[in-house]
Amino acid sequence: MARYILRRLATMLAALWLIITLTFTIMHIAPGGPFASEKKLPPAILDNINARYHFNDPLWKQYTDYLGNLLQGDLGPSFKYENRTVNGIIKDGFPVSATLGCLAISLAILVGLPAGIISALRRNRWPDYLSMFLANLGFSVPGFILAGLLMYVLAYRLDLLPPAMWGTPRQAVMPALALSALPMAFLARLMRSSMLEVLGQDYMRTARAKGLSERLAVWRHAVRNAITPVISYLGTLVATIFTGSFVVENIFAIPGLGRYYVASIGDRDYTVILGVTIFYAAFLMLMNFLVDLAYMFIDPRVRLVDRKEV
Amino acid sequence: MEKLLEIDNLRVHFSTCAGEVQAVRGVSFSVGQGEAVALVGESGCGKSITALSVMGLIPSPPGRIVCGSVYFAGEDLVLKPEREMEKIRGKDISIIFQDPMTSLNPTMTAGNQIAEVLSRHSRESRDQIAARALELLKLVGISQPERRLRQYPHELSGGMRQRVMIAMALACRPRLLIADEPTTALDVTIQAQIMELLQELRGRTGTAVILITHDLAVVAGFAQRVMVMYAGKLVESGPTRDLFRSPLHPYTSGLLGSVPRLDSSGDKPLRSIAGRPPDLISPPRGCAFWPRCSMAMKICSLEEPEMTGDFTGHSAACWLMHPQAPGHRGVCEIGEK
Ligand SMILES: Nc1ncnc2c1ncn2[C@@H]1O[C@H](COP(=O)(O)OP(=O)(O)OP(=O)(O)O)[C@@H](O)[C@H]1O
Ligand SMILES: [Mg+2]
């Protein structure tokens, strides 16, 4: 177990290093820079800028400097905003994105899983048809259309909720809904098919043969077994939520990390692009790792593969 | 012998897209208190469905009990509401399924799976239940029982898993145990051990057992009475010795002919019955076995034979037993013209 964790951490670090190097290289190969603009800057100023951001150093030196700073947790200054650092942007933006993300994930799980379970138990009856219709809808309507629709109906027509911005719980409702629709739909469908498979298993018949009521058999034996494949999907779910947040944060004018990230690409704010990419990569890897640990904890077959006896 | 279970004219159908499958077509038999009977027949003849009907576990839809009754200790289980059936399942009637690999929950320890049935049917404390679970594992002869309690099914061998299933089934001291091909999925050496265990436990607990199998070799040492099913019907039943020594139905003879015998010389090939069982969506008129029967007569394809038998309880449904049949078998008929 400890060896497995160490091995996983080592591969994660290697992958992270690869991502850093690749992103760094791409950033420097790509033409244009944050200070390239239609207006020609006076050469003196350009020199000044280049010196300040060490653009005159050889590339390998810039790279090792960057890695060195990174190891100390310093992602460098922003090119675009004079007095901001990448660390500062992440510190400001990430809590907002994380709050929104957690809301969306909770919503997706709290609605998606029960919907999937009920669908499977009422297979081919109206609760199943209804929730699968909604799931297909959530699956096929892109987040930004849903966001626009919600805004139009709930904020503009009905005036129930504030249309945008961030800070109050009421402002969180629409973005969380828009963000959770896709993973919710996916979870519902996944849980449904997983449940259907489990419900047909022999051990479910054994559970009933013991005298358990239908409800107990489903709760104790079916849900637990059906949920394991769903858990292994949670890592991907987190990634889906974060990519979704790039769009949703922009639509609802939420000062989250996703919004800064998208803006930094438009601004060619290299250090921000680089820093936030690395941050996201590390974060998602960590999430996947935690999910795998949880999976091992829940499914004894994964946990104890090497203890099998005959 | 007092009757514990009495099945009367049981019919079970499954609706499928191809049509109505008549899985069980009017089966009647009874099992006495503490009696060991065997239900044998080729694959698909309705043995498991008969067993599941007794448990009230016919998957519905697509299955349903069309008619008939299942009297257990004097009460008709077919009419019992689900709530009442739950109290009987696992307590008064239990079942062991064929495949211990898939019949145990993979994410629950063996101990918890045994404890579950105990806590469902008794009000004992947690400690008492844990102690009982351990005792049961000892009873079914598992090595290192304390350790097994905490292990998951995938950590146990096939034989151990089937022992856990047996422990679970016997946990509440049922009056009737149905063993649906308990050894089919196991290695040959383990098969013998499991049958020995069942035999021993039956002797100790006095539980009535219905052993379902298509392996006649395991029947001989275990069951007092054998019932032979074919295409959803009983075709022959009788005391094990009589049935083995002088089978009345050509199907039974065929089955016995396909059992390997230790005393026969190796060069004699095993006979198996030619042909396949009929389609249960539209079973043939008359005797369902006639298309495969080497002794079929004209009447066999026209009319169904009734179960007829002698005073020893050996009976069969075959026109050859009719007094007017050529080479009529000398069984004294009861209720025959
Ligand atoms: N869920 C179902 N849907 C449709 N038909 C079914 C279903 N379950 C069983 N049957 C039919 O019922 C018939 C009897 O099945 P059953 O399982 O009782 O056979 P069996 O005698 O136990 O055979 P085996 O030795 O293979 O276990 C089979 O012909 C099968 O096609
Ligand atoms: Mg069967």
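For the structure, check the block above.
Residues numbered from 1 in each chain as written. Chains lettered and ligands numbered in written order. Predicted model: local features only at pLDDT ≥ 70, side-chain atom pairs only at ≥ 80, totals over all residues. Heavy atoms only, no water.

### Digging into the overall build of chain A
Helix and strand counts for chain A come out as twelve helices and zero strands. Listed by position from the N terminus, the elements making up chain A come as α-α-α-α-α-α-α-α-α-α-α-α. For chain A, the C-alpha atoms occupy an extent of roughly 85 × 65 × 30 Å along the three principal directions. When burial is assessed residue by residue, chain A has 40% of its 310 residues classed as buried. Taking as baseline every contact in chain A between residues at least 6 positions apart, the subset at least 24 positions apart corresponds to 71%. Roughly 16,800 Å² of accessible area belongs to chain A as shown, and the carbon and sulfur atoms make up 67% of that amount. Each charge class in chain A was averaged separately, 29 positive and 19 negative side chains, and the resulting centres sit 11 Å apart. (Helix = DSSP H or I, 4+ residues; strand = E, 2+ residues; numbered from the N terminus. Buried < 20%, exposed > 50% of the residue type's maximum accessible area, 1.4 Å probe, protein only. Contact = heavy atoms within 4.5 Å. Areas by Shrake-Rupley, 256 points an atom, 1.4 Å probe, with all protein chains shown as cover. Lys, Arg positive; Asp, Glu negative; His and termini not counted. Charge placed at Lys NZ, Arg CZ, Asp CG, Glu CD.)

### Considerations on unusual backbone geometry
Of the consecutive residues B:S60 and B:P61, the connecting peptide bond is found in the cis state with omega at -10 degrees. Mapped onto the fold, B:P61 is located in the loop between α1 (47-55) and β4 (63-72). Positioned with a positive phi, A:N124 is a non-glycine residue whose angle comes to about 60 degrees. For A:N124, the location among the structural elements is in the loop between α4 (86-121) and α5 (126-140).

### Thoughts on the sheet that holds strand β10 (residues 233-239) of chain B
Across a sheet, strands are paired by hydrogen bonds formed along the backbone, either parallel or antiparallel in direction. Residues and elements named next belong to chain B. One open sheet holds the eight strands; their spatial order is β6-β7-β8-β3-β9-β10-β12-β11, and the pairing between them is mixed. Only two strands of the sheet have a single neighbouring strand rather than two, namely β6 (93-96) and β11 (307-309). If you compare each strand with its neighbour and ignore which way they point, the axes differ by 20 degrees on average. On top of the sheet, helix α7 (residues 158-170) reaches β6 and β7 (176-180); it is set at about 175 degrees to β6, its chief contact. (Pairing = 2+ DSSP bridges. Axes fitted to C-alpha atoms, helices over the stretch in contact; angles between N-to-C directions.)

### Overview of the nonpolar core
B:L5, B:L176, B:I178 and B:I210 are the most contacted members of the largest nonpolar core, which totals 97 residues. With eight residues, the top contributor of residues to this core is α7(B). Residue contacts for B:L176: discarding those within four places in its chain leaves B:L4, B:L5, B:V54, B:F72, B:D92, B:I93, B:S94, B:T207, B:A208, B:V209 and B:I210. Counting 69 residues, the second-largest nonpolar core is a separate cluster that includes A:I117, A:L150, A:A222 and A:I254. (Core = buried A, V, L, I, M, F, W, Y, C linked by side-chain atoms within 4.5 Å.)

### Notes on the sheet that holds β4(B)
Residue and element names in this part refer to chain B. The strand order β2-β1-β4-β5 describes an open sheet built from four strands, whose pairing is antiparallel. A single partner strand is all that each edge strand has here, and the edge strands are β2 (19-32) and β5 (75-76). With eight bridges connecting them, strand β1 (residues 3-16) and β4 associate as antiparallel partners. Considered in β4, the bridge of E6 is made with Y71.

### Thoughts on the packing of helix α7 (residues 169-199) of chain A against helix α9 (residues 214-251) of chain A
All names here are of chain A. Running from amino to carboxyl end, α7 crosses α9 at an angle of 155 degrees, the nearest separation of the two axes being 8 Å. With respect to their mutual orientation, α7 and α9 come out roughly antiparallel. With respect to the hand of their crossing, α7 and α9 are arranged in right-handed fashion. Of the residues in the contact of α7 with α9, the class split is 23 nonpolar, six polar and no charged. (Parallel < 35°, antiparallel > 145°, perpendicular 65-115°, else oblique. Left-handed = near helix turned anticlockwise from the far one by under 90°. Nonpolar A, V, L, I, M, F, W, Y, C, P; charged D, E, K, R; others polar.)

### Structural notes on the side chain of B:E35
All names here are of chain B. As for its placement among the helices and strands, E35 is situated in the loop between β2 and β3 (36-40). What makes E35 buried here is its relative accessible area of 5%. A polar contact is formed between the side chain of E35 and the backbone nitrogen of G32, at a distance of 2.8 Å. At a separation of 2.7 Å, a polar atom in the side chain of E35 contacts the side chain of R225. (Polar contact = N/O pair within 3.5 Å; in protein donor to acceptor, adjacent residues only side chain to side chain.)

### A look at the pairing of β10(B)
Residue and element names in this part refer to chain B. The element β10 is extensively covered by neighbouring structure, given that six of its seven residues are classed as buried. Two strands pair when backbone bridges link them, and strand β9 (residues 225-230) and β10 are joined in this way by six bridges, in the antiparallel orientation. Along β10, the bridge assignment pairs M227 with S237. Once β9 ends, the chain turns through two residues before running back antiparallel as β10, passing A231 with a positive phi of about 50 degrees. In this sheet, strand β12 (residues 315-317) lies alongside β10 in antiparallel orientation, the contact comprising two bridges. Across the sheet, residue S237 finds its bridge partner in β12, namely S315.

### Quick word on the site of ligand 1
All names here are of chain B. Taken together, 14 residues form the shell around ligand 1, and within it S43, G44, S48, I49 and E181 come nearest. Here an oxygen atom of ligand 1 sits 2.9 Å away from a polar atom, N or O, in the main chain of K47. Taking H214, its side chain carries an N or O atom lying 3.5 Å from an oxygen atom of ligand 1. Breaking the shell around ligand 1 down by element, the ones donating at least two residues are β1 and α1. Residue contributions to the shell around ligand 1 peak at three residues, all from α1. A per-class count over the shell around ligand 1 returns six nonpolar, six polar and two charged. (Near = heavy atom within 4 Å.)

### Remarks on the interface of chain A and chain B
Facing 24 residues of chain A, the contacting portion of chain B comprises 33 residues. Of the roughly 2,500 Å² buried between chain A and chain B, counting both surfaces, carbon and sulfur atoms make up 53%. One salt bridge in this structure joins A:K210 and B:E116, with 2.7 Å as the shortest N-O distance. If you look at where chain A meets chain B, you find 13 residue pairs in polar contact (both at pLDDT 80 or more). Sorting elements by how many residues they give to the side of chain A that touches chain B places helix α8 (residues 202-209) of chain A first, with six residues. A class-by-class count of the residues in the side of chain A that touches chain B yields six nonpolar, five polar and 13 charged. (Buried area = accessible area lost by both parts, 1.4 Å probe. Salt bridge = Lys/Arg side-chain N within 4 Å of Asp/Glu carboxyl O.)

### Some thoughts on the packing of aromatic side chains
Following the criterion strictly, the structure yields 17 aromatic pairs over all chains and no others. Arranged with centres 6.4 Å apart and planes meeting at 55 degrees, the rings of A:F279 and A:Y280 form a pair that is tilted. A relative accessible area of 6% places A:Y280 in the buried class. Linked through ring pairs, A:F94, A:F242, A:F246, A:Y261, A:F279, A:Y280 and A:F283 together constitute an aromatic cluster. Looking at A:R189, its charged tip hangs above the ring of A:F139, at a distance of 4.1 Å from the centre. A cation over an aromatic ring shows up here: A:R205 above the ring of B:F97, its NZ or CZ 3.8 Å from the ring centre. (Phe/Tyr/Trp six-rings, centres within 6.5 Å; stacked < 30°, edge-to-face > 60°. Lys NZ or Arg CZ within 6 Å of the ring centre and 35° of its normal.)

All quantities given are derived from atomic positions and should not be read as evidence of function.
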